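A closer look at the structure
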Amino acid sequence: MRLLKRIHSPADLKKLSVAMLPTLASEIRDFMVESVSKTGGHLASSLGAVELTLALHYVFNSPRDKIIFDVGHQAYAHKMLTGRQDQFKTLRQYKGLSGFPKRGESEHDAFGTAHSSTSISAALGMAVADAMRGDKEAWHIAVIGDGALTGGMAVEALNHAGTYKEDIKLLIIVNDNDCSISPSVGALNHHLAKLVSGHAFSSARNFSKRALKPLPRLWNLFKSMEQRTVNFVAPHSTLFSAFDLNYYGPVDGHDIANLITVLRNIKALDGPMVLHVVTKKGKGYAPAEANPTLYHGVGKFDPENGIVEKKPDPEHPTYTEVFSRWVCDMASVDQRLYAITPAMREGSGLVEFEKRFPERYRDVAIAEQHAVTFAAGLATSGMKPVVAIYSSFAQRAYDQILHDVAIQNLPVMFAIDRGGLVGADGETHQGVFDIAYLRSIPNMTIMTPSDENECRRMLTTAYKMDTPAAVRYPRGKGPGVPQDEALETVPIGKARLICHSGRKDKRVAILAFGLMVSRMREAAEELDATLIDMRFVKPIDREMIMRAAPEHDLLCTVEDGVAMGGAGSAVLETLSEMGLEVPCLVMGIKDQFVPQGGIDDLMRDNELDTESVVRRIREALLIKTLVDLKPYNTMAVSAKARYFAQVSDSQELQTALDFAARHDVRPFILGGGSNLLITSPLVDRLVIRMAIEGFDVNEEEKTVRVGAGECWHKTVRRVLSMGWGGLENLALIPGTVGGAVVQNIGAYGAEVAQFVKSVEIYDPQTGEVRHLNNADCDFGYRHSIFKTEPGDQWIVLSVTLQFQADWKANLSYRELAVAFESKEATPEAIYEAVVAARTRKLPDPAVLPSAGSFFKNPIVTREEFQALLAKYPSIVHYPLAGGREKLAAGWLIEQAGLKGAREGAAGTYGKQALVLVNHEGKASGQELIAFASRIEQAVEAMFGVHLEYEPVVLS
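What counts, and at which threshold
- Residues numbered from 1 in each chain as written.
- Predicted model: local features only at pLDDT ≥ 70, side-chain atom pairs only at ≥ 80, totals over all residues.
- Heavy atoms only, no water.
- pLDDT = per-residue confidence, 0-100.
- Contact = heavy atoms within 4.5 Å.
- UniProt positions renumbered as here; feature names shortened; annotations may be inferred.
- Helix = DSSP H or I, 4+ residues; strand = E, 2+ residues; numbered from the N terminus.
- Buried < 20%, exposed > 50% of the residue type's maximum accessible area, 1.4 Å probe, protein only.
- Pairing = 2+ DSSP bridges.
- Axes fitted to C-alpha atoms, helices over the stretch in contact; angles between N-to-C directions.
- Parallel < 35°, antiparallel > 145°, perpendicular 65-115°, else oblique.
- Nonpolar A, V, L, I, M, F, W, Y, C, P; charged D, E, K, R; others polar.
- Left-handed = near helix turned anticlockwise from the far one by under 90°.
- Arc of directions from axis to C-beta.
- Polar contact = N/O pair within 3.5 Å; in protein donor to acceptor, adjacent residues only side chain to side chain.
- Salt bridge = Lys/Arg side-chain N within 4 Å of Asp/Glu carboxyl O.
- Phe/Tyr/Trp six-rings, centres within 6.5 Å; stacked < 30°, edge-to-face > 60°.
- Lys NZ or Arg CZ within 6 Å of the ring centre and 35° of its normal.
- Core = buried A, V, L, I, M, F, W, Y, C linked by side-chain atoms within 4.5 Å.
- Patch = residues over 30% accessible without salt bridge, like charges linked within 9 Å, V, L, I, M, F, W, Y side chains within 5 Å.
- Areas by Shrake-Rupley, 256 points an atom, 1.4 Å probe, with all protein chains shown as cover.
- Right-handed = clockwise from strand over helix to strand, strands pointing away.

For the chain, per-residue confidence averages 90 on the pLDDT scale, and 93% of positions sit at 70 or higher. Considering only residues more than four positions removed or in separate chains, one finds that residues 196-213, a stretch of pLDDT under 50, has 21 contacts. Below pLDDT 50 for its whole length, residues 221-237 participates in 39 contacts with residues either more than four positions away or in separate chains.

Here's what the structure looks like:
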């Protein structure tokens, strides 16, 4: 590899002498065989094009001169010469080097290719564009194989190219190796063969001699060109002459010195032209030369011994082998069966069929459109055509499927191989669009077999129909289900139940299509879900859907095709048509082109692996969309949450937070203790309602561990019912236990913090669950560590409350002290007194559900208070430590004349002015804010005191 190691760009190549290039070609082949044997790839084509690639990069100046490799199977040497040799260890692997030219991979890849016959059109477009921009010196070179030249698009491009006579530099190189994937077929191949045969070669040369000898100047020019190996202008009877294109050749594609001379001479010419180069597919590696079809696309192999062909495993056949056996079996019993393939004899499994039924078989070359319409013609005359075609190649015949087959409702059967993810060939070959583009076609039936026997039975079913039908099956092996010997059918449009859920709640039905049935068994088992093999994309089994919908809380469709417009869309349409309201999660290939990689990696990327499916189903059961938040905010403001989750344990909380992180949406925890005011009709957040329950008593330690989602007031009542005092002063505090701790809310002289032994929290930043003791929580008046960074991100899961053995009454509030001057103070009695006192001041939620404390009691300095007291002797206040005074916000608002005031649906409560009321729940959040601002301004104008809002504002 002495020379190859020196080449990192075409500029490095040009530093070598022509005499050194054969050695470099040999090194490239050695490296190619060694590397591809470890990764797999398209070997034989690239081996055959080494000298041609070297000559192109030696003579032309990439990337200014644009080289386009048709299909791209022959482009490995090109990748090595353009700085990608070190990446070959990742060839065709996940996030590795592409097996095809790819514009995003290198500036030297002028055009992305992988499907056949596109290079001439692309090169011509580039040539015209460059000429229009004023760059008439850049060359545009299409390297197209003889197989690809059979594609109709190539002929269309030749026809167009022939209309340009000057001002563009277009070179079409026909890389003639007498082979595409399978040996090339058809009249065009025969024509090229004649051109390179000895007789045709010499006849053309003799023609030139006879025509030019009487004209000495032209004869001398001819001899000069011949000596410079541009050879001769072929007779006008050639295909290319018919398109008015200058044709040169054929030349030996492995004589690199000769090739360089030819290309240098052509570079001095102008206008579109064709150079016919003859190469040997597999050149330089004996096993590939002997069997280029076998070495076209290879897996890993031992380069010393070559590929050891695997014997068919009848117990575990591939889906292609299932089709191969079926098509021969069916042809044996029906003389009308006629098999067609567009240049994919081996890949589609028709080798045996061609041997046994040659008169009923045709490889039409790379001509998918022709294949379909040819089949339609056969069908009109009583034959039963079977078109064996790859999913990604069937895309090229969409119009023919629709126009020539479906509109006429002809009995053409499509055996669609490589449906779904195919792996290493990347974006251009993933068969993920077929379901979406076929199911929109009227008269078309689409079947997706889930195992080998289902495939055999569906092939029979499709064949026996008198209308268009497609059986779409994946690459590779199935789950290993034995096949029937007989040619049995399946009921058209009928799904089958695989297993039924035994759950009482959160019941899920997985509606799987094709390959995904076997892949979803593990998920169904983990979730105890119903699993249905839908079998048919069209007609969809409406009866099965109608049965499943009311029995389950969630339907989930899973397919290995694009989700957009795919089989899941058919289920959604059916639910809509039948008026069935059940959540439906559609899972399939995302709205993106799927890159190369292992099937498992690509499934994971598209969240179709078992772990992702289970997670997404759990999310779908938990996360709701556009939920009305009116029942969850004290002001009863009507607003929709974009996402909403009610979590009952830490696992559900983790699921919700993971969902928020992946969807880049901020979570908001309901039940924070304070009242909540929503100011936007749509809250673009994941609103999480903590519903974690639990009330675990330890009588020995006199503690109670309470779930954060438990109602605080009910918790107070339960503790008292056990005979434990302490919380009675904290009755009727709104919100949850978790919220009460976060806010450390006090009432009538008691603070929640006095009873907190420890708090169990979840830290979203680390994913850890931690336990904080009372000191860790840093409690103060309506303050805690949860109100500061980073504690404001923590989520309370549970609270352990500690009670003292010796209870003492807390009568520090005057109202309570007065009430118990003449009667005994017990926990129950104090509880009743607190409830009565707070009820007098606050509206009963049963009577007025849309109200809540809105303003905090403001705190002022001793000096500020003295000034106010001098002016307002009756001012209501509460002394605080440090000489500060807390003023009663309700009194301030009442003195400002706004107690019981109303503006539209917004107002203050007639018994307690700091309570804001949303009358009948008709006011919006913005209207409540506007009314609150009016109160704020009035109080500040009168007392010089600023009121702060108590509610958490959610916008």
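There's more to say after this.
On to the UniProt feature "active site" (unreviewed entry) in the chain. The sites that UniProt annotates as "active site" (unreviewed entry) are R782, S853 and E950. Taken along the chain, the residues just named run across 169 residues; in space they keep tight, none of their C-alpha pairs more than 14.4 Å apart. With respect to the secondary-structure elements, S853 resides in strand β32 (residues 851-853). In contact with S853, not counting residues within four places along its chain, are M635, N675, L842, L914, V915, E950 and P951. With respect to the helices, strands and loops of the structure, E950 is situated in the loop between α36 (925-943) and β39 (952-954).

Following S62, the chain continues to P63 via a peptide bond in cis, the omega torsion being 15°. Within the secondary structure, P63 sits in the loop between α4 (50-59) and β2 (66-69). Of note, the amide linkage connecting G249 to P250 takes the cis form, showing an omega dihedral of 5°. Its place among the elements puts P250 in strand β5 (residues 246-252). Positive phi is not limited to glycine here, since N409 has a value of about 55°. Within the secondary structure, N409 sits in the loop between α19 (398-406) and β11 (413-417). The exposure class of N409 is partly exposed, given its relative accessible area of 30%. Although it is not a glycine, N443 sits at a positive phi angle of roughly 75°. Secondary-structure assignment places N443 in the loop between α20 (434-439) and β12 (445-447). N443 gets classed as partly exposed once you look at its relative accessible area, which sits at 37%.

Judged by pairing direction, the sheet is antiparallel, and its four strands sit side by side in the order β32-β38-β37-β36 without closing on themselves. Each having just a single partner strand, β32 and β36 (902-903) make up the two edges of the open sheet. Bridge count for β36 against strand β37 (residues 906-908) is two bridges, and the pairing is antiparallel. Among the inter-strand pairings, R902 is bridged to a residue of β37, identified as G907.

Put simply, helix α2 (residues 21-39) and helix α5 (residues 76-84) touch, their axes get as near as 11 Å, and they point 105° apart. With respect to α5, the axis of α2 lies roughly perpendicular. Contacts from I28, F31, M32 and V36 of α2 reach α5 at Y76, A77, M80 and L81. Taken together, the residues of the contact of α2 with α5 sort by class into eight nonpolar, no polar and no charged.

Next up on the list: the packing of helix α29 (residues 712-721) against helix α33 (residues 827-841). Running from N to C, α29 and α33 cross one another at 155°; their axes reach a closest spacing of 10 Å. Here α33 runs roughly antiparallel to α29, going by the angle between their axes. Where α29 crosses over α33, the two elements pack in a sense that is left-handed. Taken together, the residues of α33 that come into contact with α29 (itself represented by H713, V716, R717 and L720) are P827, E828, Y831, E832 and V835. Here the residues of the contact of α29 with α33 sort into five nonpolar, one polar and three charged.

All of the buried residues in helix α24 (residues 542-551) are M544, I545, A548 and A549. Considered in projection along α24, the buried side chains sweep an arc of 130° and stay on one side of the axis. Buried residues in α24 make contact with β14 (496-499), β15 (508-512), β16 (530-533), β18 (554-562) and α25 (567-578). For α24, the N-terminal capping position is held by D541, with its side-chain oxygen 3.2 Å away from the main-chain nitrogen of E543.

What follows covers the pairing of strand β29 (residues 756-763). With seven of eight residues buried, β29 is to be regarded as a mostly interior element. Relative to strand β30 (residues 768-773), β29 runs antiparallel, the two sharing six bridges. Note that in β30 the partner of Y762 across the bridge is V769. Linking β29 to β30, which pair antiparallel, is a turn of four residues; within it G767 sits at a positive phi near 75°.

Glancing now at the sheet that holds β11. Across the sheet, which stays open at both edges, the seven strands sit in the order β9-β8-β10-β11-β13-β12-β17 with mixed pairing between neighbours. Every interior strand has two partners, whereas the edge strands, β9 (361-363) and β17 (536-538), have only one. Neighbour to neighbour, the strand axes of the sheet diverge by 20° on average, direction disregarded. With three bridges connecting them, strand β8 (residues 337-341) and β9 associate as parallel partners. Across the sheet, residue I340 finds its bridge partner in β9, namely R362. Each of β8, β10 (384-390) and β11 is contacted by helix α14 (residues 319-333), which is oriented at about 145° to β8, the strand it contacts most. Together, β8, β10, β11, β12 and β13 (469-472) form the strand contacts of helix α21 (residues 452-464), whose direction differs from that of β13 by roughly 165°.

What follows covers the side chain of T461. Along the chain, T461 turns up in helix α21. Here V490 takes part through its backbone nitrogen, which lies 2.9 Å from a polar atom of the side chain of T461.

Counted according to the given criterion, the structure contains 51 salt bridges. Here R325 ties to D329 by a salt bridge, and the two come within 3.6 Å at their closest N and O atoms. Linking R325 with D329, this pair stays in helix α14, spanning four residues, or about one helical turn. Taking the shortest distance from any N to any O, the salt bridge between D600 and R519 comes out at 3.0 Å. One end of the pair, D600, is in helix α26 (residues 599-605); the other, R519, is in helix α22 (residues 516-519), and 81 residues separate them in sequence. R519 sits in the partly exposed class, given a relative accessible area of 26%. One connected set of salt bridges, linked through shared partners, spans K590, E607, R615, E619 and R662.

Okay, the packing of aromatic side chains next. Considering all chains together, one arrives at 26 aromatic pairs under this definition. With a centroid separation of 5.9 Å and an interplanar angle of 80°, the aromatic rings of Y338 and F374 are classed as edge-to-face. Placement of the pair is Y338 in strand β8 and F374 in helix α17 (residues 368-380), with a sequence separation of 36 residues. The interplanar angle of 90° and the centroid separation of 5.9 Å between the aromatic rings of Y398 and Y437 together place this pair among those described as edge-to-face. Placement of Y398 in helix α19 and of Y437 in helix α20 is noted, with a sequence separation of 39 residues between them. Grouping aromatic residues by their ring pairs yields a cluster made of F323, W326, Y463 and Y473. When the ring centre of Y463 is taken as reference, the NZ or CZ atom of K384 above it lies at 5.1 Å.

By size, the foremost hydrophobic cluster in this structure holds 55 residues, and its most contacted members are L24, I28, M32, L171 and L275. Broken down by element, the residue count for this core peaks at eight residues, all from α2. Setting aside chain neighbours within four positions, we find M32 in contact with L43, S46, L47, V50, Y76, A77 and M80. Judged by nonpolar contacts, the second largest core, of 50 residues, contains A394, Y437, I446 and A570.

Most of α4 is tucked away, with 10 of its 10 residues classed as buried. Buried residues of α4: V50, E51, L52, T53, L54, A55, L56, H57, Y58 and V59, and no others.

A few words now on a nonpolar patch on the surface. A grouping of Y813, V876 and Y878 is seen on the molecular surface, where their side chains present a nonpolar patch of about 220 Å² in accessible area. Note on placement: V876 falls in the loop between α34 (862-871) and β34 (877-879). Look at V876 and you get partly exposed, because its relative accessible area is 31%.

As a further point, take the pairing of β5. In summary, the side chains of a regular strand alternate between the two faces of the sheet. A large share of β5 lies buried, amounting to five of its seven residues. For β5 and strand β6 (residues 273-278), the ladder comprises five bridges, and the chain directions are parallel. Considered in β6, the bridge of D252 is made with V278. In this view, the connection linking β5 to its parallel neighbour β6 by way of helix α12 (residues 256-267) has right-handed handedness.

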